[in-house]
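One letter stands for each residue in the lines below.
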Amino acid sequence: MLKKSFSLFFVTALILMLAACGNGDGAIQDGNKKVTLKIIHWQQENINNYIKEFNKKFEEKYPEVQVEYTTVPADSTYDQLMQTRMNAGTTGDADIIPLKFSFVGAPQEWSKGAADPMWKQWIDGGLIADLSDQAFIKNYNPADVKNAMTYKDKVYGVNMGKVALTGLFYNKEIFEKYNLAVPTTWDELVRAMKVLKDNGVEPIGFGGKDVWPINLAVQGLQASIHDDQLEYIKGLWTGKTKLTDPVQLEVLEKSQILMNNAIGGFMGIDYGTLPSLFATGRVAMIADGTWDATTIQTANPQMKFGYFPIPGSNDPAKNKDLAGKYDMTWMVLEKSPNKAYALKWLEMLSEKENYTDFVNAAGFLPTQPDVKIKSDFIIEIQPSLENFKLSWDQLFINRKNVGQYIKDASVHAEFLAPAGPLKTPLELAKKSQADWDAAAPK
């Protein structure tokens, strides 16, 4: 009898011990092994620094969790990592993954046979968690939830803010030294670059090694040269417009002029180096997004700088507004082994105080209401943000299996000299149109 009682006591104790050690996510909380919440991101110093500090706060609140935060370059390296971790699914390689934008690029009725963006394939494949019923979604502006976080009337991501990307950072002291006003027309920008060059100052810098940063300047030209970017894109599908049209040739011609005025060897400069290149005064202007304002301020707190829309036309009214995108959107993997903690992480980041700290660190325009912006930089450029519009890469819908000259959502000016092998904009335009035509639905 004693032996039976002891056995019953032992089994009961074992069951209680196992229940105490486990949690709803299958995690073990025995003091030795912690839940490892895995998050990936691209390398962006201001955001990375904030998230690292936030992760410490999260770990203090949930001591049973250890956050593994992995960052890689923002080029195709991140895209590949994102795809690999997403495909891994239930293996525990990732719990939270951010897109570098929002849910844009899905086929429309006028783009029959268009390629599905990867985010759509992931959602359609059941890989992304539905966040519609999460209480923290109510912290965000309903319009921004609808525009940036929703697909088929369900919320699949948390978008952290809007950014402008069609402008140039400029060094105010250099501009003052050479009596240069902020350019509001293309001719004024060309003149400013000439004055700088004549005085031995490198006019402009690009992060050419990563290629995609060149496209930021090109999108600035697109936004101010085209009367209606979306109508032009629709026209490519219907045959009404072509990539060899004069308006698009003008974009390429002016892109080449900007590159001809860039610092020597710009195709060897990586994007992560660009803010420090500017902060140390090696170039008077850089093509970059507003998100890097805090990075520049950190690199040189004494620097006086501003930001203006790239004036692609000679009509100041067409040049005055910045274009951009909804930036990073957090997604939770549906089959994440730590899904409950991933949701808690997003919930805590969405709290007003934490979100406010984030957007001020990131330099984003908030997607939550009543957020106090501390940045003098954002306040200064506010007039250019009043009629904020989506940039080309957010509007463009591509065909399946297109060639290199029109792939993704970019206008690939990097193929033009001095960055690439093609000498004239017309050569690139013809190759781009040929790639587009070759991919037409059969």
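Scroll up a little and you will see the structure.
Everything quoted here is computed from the prediction, not taken from an experiment.

**So, the packing of aromatic side chains**
Here is step 1: Summed over all chains, the structure comprises 27 aromatic pairs.
Here is step 2: Between Y232 and W392, the aromatic rings sit 6.0 Å apart at their centres with planes inclined by 45°, giving tilted as the arrangement. Pair noted here: Y232 is in helix α9 (residues 229-238) and W392 is in helix α17 (residues 392-395), with a separation of 160 residues, a long-range link. Residue Y232 shares its accessibility class with W392, and that shared class is buried.
Here is step 3: With a centroid separation of 5.3 Å and 85° between ring planes, the pair formed by W237 and W436 is classed as edge-to-face. Of this pair, W237 sits in helix α9 while W436 is found in helix α18 (residues 425-438), placing the two residues 199 residues apart along the sequence. Of the two residues examined, W237 and W436, each falls in the buried class.
Here is step 4: An aromatic cluster is built from Y50, F54, W330, W345, F358 and F364, whose rings are joined through pairwise contacts.
Here is step 5: The ring of W291 is capped by K325, whose NZ or CZ atom sits 5.7 Å from the centre of that ring.
Here is step 6: The positively charged end of R399 is found above the aromatic ring belonging to W237, 5.1 Å away from the centroid.

**A look at the pattern of salt bridges**
Here is step 1: Evaluated as defined, the whole model comprises 14 salt bridges.
Here is step 2: For D327, the salt bridge is made with K325, and the minimal N-O distance between the two is 3.9 Å. Residues D327 and K325 agree in their burial class; the two are buried.
Here is step 3: Between K339 and E334 there is a salt bridge; the shortest N-O distance is 3.2 Å.
Here is step 4: We classify E334 as partly exposed; its relative accessible area is 31%.
Here is step 5: Connected via shared salt-bridge partners are D116, K120 and D124.

Scoring rules and cut-offs
Residues numbered from 1 in each chain as written. Predicted model: local features only at pLDDT ≥ 70, side-chain atom pairs only at ≥ 80, totals over all residues. Heavy atoms only, no water. Phe/Tyr/Trp six-rings, centres within 6.5 Å; stacked < 30°, edge-to-face > 60°. Helix = DSSP H or I, 4+ residues; strand = E, 2+ residues; numbered from the N terminus. Buried < 20%, exposed > 50% of the residue type's maximum accessible area, 1.4 Å probe, protein only. Lys NZ or Arg CZ within 6 Å of the ring centre and 35° of its normal. Salt bridge = Lys/Arg side-chain N within 4 Å of Asp/Glu carboxyl O.

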